[in-house]
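Coordinate analysis (summary)
So the chains spell out like this:
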Amino acid sequence: MMDEKDKIRIIIADDHAVVREGTRTLLEREADMKLLGEAADGEKAVHLIETMKPDVAIIDINMPLLSGIEVTRRAKSLSQQTAILILTAYDNDEYIFALLEAGAAGYILKDAPGQELIAAVRSVHSGEPVLHPSIARKVIQRAIYSQDKGAEVEPDVELSEREREVLKLAAKGLSNQEIADTIHISIRTVQRHLNMIFNKLSVGSRTEAIFQSVKRGWLSFEDIV
């Protein structure tokens, strides 16, 4: 039996009870996942994230009191290591841009098969993107073009040469396995490098790490095309 401390700790936030029940049933079947709590509105979702510090928060866009975008934005200031996975009925570029810029780690539609949701939870937890690479590149390009050159960033954060190499490959949309194959290391080593990057930058996803790197001037447009 898997040790409790090794399980992916999750919360669900959706104002539809049937969606929460269905998602809960899916998660409870997985030996490596543990549901910590559920929220029917945005304020409760923020409270759960702040108090429970889950590994992954599955969040809807439209909820009472606070939207999924605002929940994501607040969550990242309260629990930076929590990966936000958006589960929604809306397939719209502007929603995707707003959510990823707020700090979401991935985006999946409610009509996706159950096992796709389970795979998405595992992916965002391990630092894998849950978004088509072309959309991810568009978001990063927008960040590069709109970045505030005068924005302040923590000056004392340094990545190793290998960590920067991994980050640049991640920015191009490569999966962990593709990164491992490209630079001839194991996938576990790639995951370890990504975890170190996330910890150093106080983020919970690739997209956030890439945004931070853009702000610091570590990544350019040429690095992601």
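On a predicted model such as this, the values are computed, not experimentally measured, just so you know. (Residues numbered from 1 in each chain as written. Predicted model: local features only at pLDDT ≥ 70, side-chain atom pairs only at ≥ 80, totals over all residues. Heavy atoms only, no water.)

What follows concerns the pattern of salt bridges. With the rule as written, the count across this model stands at 11 salt bridges. Two residues, Glu158 and Arg164, come together in a salt bridge whose shortest N-O distance is 3.8 Å. Overall, Glu158 belongs to the exposed group, its relative accessible area being 53%. Here Lys200 and Glu163 are joined by a salt bridge, their closest N and O atoms 2.8 Å apart. In this pair, Lys200 sits in helix H9 (residues 187–201) while Glu163 sits in helix H7 (residues 161–171), placing the two residues 37 residues apart along the sequence. One network of salt bridges, with partners in common, ties together Asp14, Asp60 and Lys110. (Salt bridge = Lys/Arg side-chain N within 4 Å of Asp/Glu carboxyl O. Buried < 20%, exposed > 50% of the residue type's maximum accessible area, 1.4 Å probe, protein only. Helix = DSSP H or I, 4+ residues; strand = E, 2+ residues; numbered from the N terminus.)

For the rest of this paragraph, the subject is empty space enclosed by the protein. Applying the stated criterion to the full structure yields 2 cavities of 30 Å³ or more. Approximately 30 Å³ is the volume attributed to the second largest cavity. Taken together, Arg164, Leu167, Lys168, Ser213, Trp218 and Leu219 make up the lining of the second largest cavity. A total of 3 residues in the lining of the second largest cavity trace back to one element, the largest contributor, which is H7. (1 Å grid on protein atoms, 1.4 Å probe; cavity = no way out; pocket = protein on both sides within 12 Å on 5 of 7 lines; lining within 4 Å. Points joined across faces, edges and corners; volume = space filled by probe spheres on them.)

What follows concerns the sheet that holds strand S2 (residues 33–39). With respect to topology, 5 strands assemble into an open sheet ordered S2-S1-S3-S4-S5, the strand pairing being parallel. Sheet topology places S2 and strand S5 (106–109) at the edges, where each strand pairs with a single neighbour. Recorded for the sheet is a direction-independent mean angle of 20° between the axes of neighbouring strands. With 4 bridges joining them, strand S1 (residues 8–13) and strand S3 (residues 56–59) adopt parallel strand pairing. Residue pairing in the sheet places Ile10 in a bridge with Val56 of S3. Helix H1 (residues 17–28) rests against S1, S2, S3 and strand S4 (83–88) of the sheet, and its axis sits at about 165° to S2. Against the sheet, helix H3 (residues 68–78) engages S3 and S4, with an angle of about 175° to S4. (Pairing = 2+ DSSP bridges. Axes fitted to C-alpha atoms, helices over the stretch in contact; angles between N-to-C directions. Contact = heavy atoms within 4.5 Å.)

So, about the pairing of S3. By the alternation rule, side chains of S3 split into Val56 and Ile58 and Ala57 and Ile59, which are all buried. With 4 bridges joining them, S3 and S4 adopt parallel strand pairing. Residue Ile59 lies in a different strand from S4, and its bridge partner there is Ile86. Where the polypeptide runs from S3 across H3 and back to S4, its parallel neighbour, the crossover connection is right-handed. (Right-handed = clockwise from strand over helix to strand, strands pointing away.)

This part takes up the packing of H1 against helix H5 (residues 114–126). For the pair H1 and H5, the least separation of the axes is 10 Å and the interaxial angle reads 65°. The orientation of H1 with respect to H5, classified from their angle, is roughly perpendicular. For H1 against H5, the interelement crossing comes out right-handed. Residues Thr23, Leu26 and Leu27 of H1 touch H5, and the partners they reach there are Gly114, Leu117 and Ile118. Looking at the contact of H1 with H5 residue by residue, the classes come out as 4 nonpolar, 2 polar and no charged. (Parallel < 35°, antiparallel > 145°, perpendicular 65-115°, else oblique. Left-handed = near helix turned anticlockwise from the far one by under 90°. Nonpolar A, V, L, I, M, F, W, Y, C, P; charged D, E, K, R; others polar.)

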